[in-house]
Amino acid sequence: MATAVLALQGAFIEHERALADVGEPSLELRCAADLSRPFDRLVLPGGESTVQGKLLREEGMLAPLRERIEAGMPVLATCAGLILLARAIAGDGSRESEPRAAQTGPWIGTLDVTVKRNAYGRQLGSFHTTAPVDGIPNVPMTFIRAPFVANVGPAAQAIATVDGHVVAVRQGAQIGLAFHPELDGDRRIHERFVRL
Ligand code: GLN
């Protein structure tokens, strides 16, 4: 069995490298036909959640992936991936001119959190820090136009905070991160994920 990496847009190759580094084979999901390939866990990479969500819906992958996650398939979602997974999305206020339909999600919607997109504003679009994640000390964290978790519902639990904001959550086998662990050399999060 392998880990499927959603490869519609964004930083999927970096996740494939990280998985290879921890000895986990991966395959790419680009269209609905790929869903019949053998995989038992899923990575949702960073990128642009509106683009990824639209493509997922257009390709007919949204509902099948949602069903498998609801059935317990482990999923590691980073940044835009966290937005795809969230049950609710608080906008950043910059998209009011867009038609409301189809652009905003929620998309997969299995993770009991509300995320705020582009939560750090334009001035602090990207930054780097370190913090513990679920008992793993000093995890390097790269944030790129990142969301944070504005509300953690009862089914989910916060596993990392930065400056008082929740930046990582877990709900059973679903892990959602506002930062990009695949962009730093540290592989402890991928290692833990493939052992879930
Ligand atoms: N700002 C992006 C979004 O809203 C997420 C950025 C990222 O994945 N690095 O989808």
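Residues numbered from 1 in each chain as written. Predicted model: local features only at pLDDT ≥ 70, side-chain atom pairs only at ≥ 80, totals over all residues. Heavy atoms only, no water.

## Some remarks on the environment of Leu85
Item 1. Among the secondary structure elements, Leu85 is positioned in helix H4 (residues 80–85).
Item 2. Sequence separation between Leu85 and Leu111 is 26 residues, and the spatial gap between their C-alpha atoms is 5.6 Å. (Helix = DSSP H or I, 4+ residues; strand = E, 2+ residues; numbered from the N terminus.)

## Quick look at helix H1 (residues 12–21)
Item 1. Residues of H1 that are buried include every one of Phe12, His15, Glu16, Ala18 and Leu19, and no others. Taken around the axis of H1, the buried residues stretch over an arc of 165 degrees, which confines them to a single face. H1 presents Arg17, Ala20 and Asp21 as exposed residues on the side facing more than 90 degrees away from its buried surface.
Item 2. Considering only its buried residues, H1 is in contact with strand E1 (2–6), strand E2 (26–29), strand E3 (39–44), strand E4 (75–78) and helix H5 (188–195).
Item 3. Remark: Gly23 follows H1 within two positions and exhibits a positive phi of approximately 80 degrees. (Buried < 20%, exposed > 50% of the residue type's maximum accessible area, 1.4 Å probe, protein only. Arc of directions from axis to C-beta. Contact = heavy atoms within 4.5 Å.)

## Details of the nonpolar core
Item 1. The biggest cluster of nonpolar side chains holds 62 residues, and the ones touching the most others in it are Leu29, Leu42, Val133, Met141, Phe143, Val167 and Phe179.
Item 2. Ignoring sequence-local partners within four residues, the contact set of Leu42 consists of Thr3, Ala4, Leu6, Leu29, Leu65, Ile69, Met73, Pro74, Val75, Leu76 and Phe193. (Core = buried A, V, L, I, M, F, W, Y, C linked by side-chain atoms within 4.5 Å.)

## Section: the confidence of the model for the chain
Predicted coordinates in regions of low pLDDT should not be interpreted in detail.
Item 1. Averaged over every residue, the pLDDT of the chain is 93; the share at 70 or more is 92%.
Item 2. Predicted confidence is poor over residues 96–102, with pLDDT under 50, and the contacts of this stretch with residues over four places away or in other chains come to four contacts. (pLDDT = per-residue confidence, 0-100.)

## Re the site of the ligand
Item 1. Residues in close proximity to the ligand include Gly46, Gly47, Glu48, Ser49, Cys79, Ala80, Ile83, Arg117, Asn118, Ile144, Arg145 and His180, which together make up its full environment.
Item 2. Between a nitrogen atom of the ligand and a side-chain N or O atom of Asn118, the distance comes to 2.7 Å.
Item 3. At a separation of 2.9 Å, a nitrogen atom of the ligand approaches a polar backbone atom of Ile144.
Item 4. Partitioning the shell around the ligand into residue classes produces four nonpolar, five polar and three charged. (Near = heavy atom within 4 Å. Polar contact = N/O pair within 3.5 Å; in protein donor to acceptor, adjacent residues only side chain to side chain. Nonpolar A, V, L, I, M, F, W, Y, C, P; charged D, E, K, R; others polar.)

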